[in-house]
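Each chain, written out:
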Amino acid sequence: MAKNRVLLVLETVLLVAVSASLGGCGGGHTSSQATPRATASHRLDTGPLGLPLYCPQYITHDQQGNIYVGDNYLGKAIPHARIVKLSPTGQLLGEWHVFTSFPPQDRPSGPFGLAVDAQGTIYVADAGDNTIKKLSSTGHLLATWGKTGSAPGELDWPQGVALDPQGNVYVADFNNSRIQKFSSTGTLLAVFGNTGSSIELLRNPVGIAIDTQGNMYVSDIRHDRIVKFSPQGKFLLAWSGAGSKSFSSAKDLAVDSEGNVYVADSFTHRIVKFSPTGKVLAIWERPMDFMNGITVDLQGNVYFVAYPQVAPGGGIRKLSPSGVLLSSWPLTCSAFG
């Protein structure tokens, strides 16, 4: 029953991001402590400002170690979708509200996957209007590309976003079951994962990460596996679990500076660290957490979005490189509403 509550549309072609499908993202704006405030630029929604976070989806970091979160609030009364920038200690540094589409409750809107380049430019998948938005380091909207559809360059519920060493943008195009590669200005460069033999085909990709050599790792969630592609999009290998457990809704993944791969495996309640060839290096159990987005900073600290089996208790968790819990920043959204 818990899985059904966490994954609202498991029987449909859509796999809603865990945090949006938990059935409880409409909680009140509460906090047990004073929180810093930030001025929102280009404000297009009506939700409250500041902390705590609401229902974050994906998470990433910049070269200074700051954390960026795509934060969705699905309450009927207050549509809320924003990008939040936090310091490595969880202090609010900024928030930007540039998302205007608020679809039905079972299909969350606004920011999903996001990535930040060396200059601080932010690229984010807007699942509300099926576009990619490019923002400056101060949150100003610089460009938008894509539209709803299945033709090359079009998108249908985009999820994870990643950048290669040349600054090209890769998008997990969920309902079109493919990865699309764009230049930093939005020119379509390539499409991967939707041709070839059955083992090469993706079905509903969600997370995507790229190592320093340009190799792509994709969470192929309907096949419950991780797929590795070369920089040219050639299928290299795939694996479907760790130890005695197969993946069960591996929501997102990240790559560290040494090329190791970290997988947030939601329904097994664990973070698994792999070598670039899929060898298990570490398993960190989090029995009370459903995992969502994940990122690894340049020091090897792991940040991930967690929703609890028993509310309250959700948060952005920060783990040391050895998997020790260092801190947790609370969320308003809860698992069972």
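All values reported here derive from a predicted model rather than from experimental measurement. Residue numbers here run from 1 along each chain, matching the order of that chain's written sequence. In keeping with the predicted nature of the model, local features appear solely for residues at pLDDT of at least 70, side-chain atom pairs appear and are counted solely at 80 or more, and the whole-chain, interface and lining totals rest on all residues. Excluded from the side-chain calculation are hydrogens and water; included are all heavy atoms of the structure.

(A) Inspection of the confidence of the model for the protein chain at higher detail. For the protein chain, mean pLDDT is 84; residues scoring 70 or higher make up 79% of the total. What pLDDT conveys is the predictor's confidence in a given residue, as a value from 0 to 100. Whether two residues are in contact is decided by their heavy atoms: any pair within 4.5 Å suffices. Within the model, pLDDT remains below 50 along residues 1-41, and this stretch shows 113 contacts once partners closer than five positions in the same chain are excluded.

(B) Examining the side chain of Ser-183 more closely. Tracing the sequence through the fold places Ser-183 in the loop between β11 (178-182) and β12 (188-192). With near-sequence residues (within four places) excluded, Ser-183 lies in contact with Trp-145, Asn-168, Val-169 and Leu-189. Working definition: helices are DSSP H or I runs of at least four residues, strands are E runs of at least two. Numbering for both runs from the N terminus.

(C) Molecular detail of the environment of Leu-155. Here Leu-155 lies in the loop between β8 (141-145) and β9 (158-163). Here's how the labels work: a residue is buried when its accessible area is under 20% of the maximum for its type, exposed when over 50%, partly exposed in between, all with a 1.4 Å probe on protein chains only. Look at Leu-155 and you get buried, because its relative accessible area is 0%. C-alpha of Leu-155 to C-alpha of Asp-173: the two residues are 18 residues apart in sequence and 5.9 Å apart in space. With near-sequence residues (within four places) excluded, Leu-155 lies in contact with Asn-130, Thr-131, Ile-132, Lys-147, Thr-148, Gly-149, Val-171, Asp-173, Asn-176 and Gln-180.

(D) Looking closely at the layout of surface pockets. In this structure, the largest pocket spans a volume of roughly 850 Å³. Method remark: on a 1 Å grid restricted to protein atoms, a set of points is classed as a cavity if a 1.4 Å probe fits but cannot get out and as a pocket if it is open with protein on both sides within 12 Å along at least five of seven lines; lining residues have an atom within 4 Å of a point. Lining the largest pocket are 36 residues, and of these His-61, Val-116, Leu-163, Ile-210 and Val-255 sit closest to its centre. Residue assignment for the lining of the largest pocket shows that the elements contributing at least two residues are β1 (55-61), β5 (111-116), β9, β13 (205-210), β19 (250-255) and β23 (289-296). Of the residues that constitute the lining of the largest pocket, the class distribution is 19 nonpolar, 10 polar and seven charged. Grid points are joined across faces, edges and corners, and a volume is the space filled by probe spheres set on the points. Each residue gets one of three labels, nonpolar for Ala, Val, Leu, Ile, Met, Phe, Trp, Tyr, Cys and Pro, charged for Asp, Glu, Lys and Arg, and polar for the others, Gly among them.

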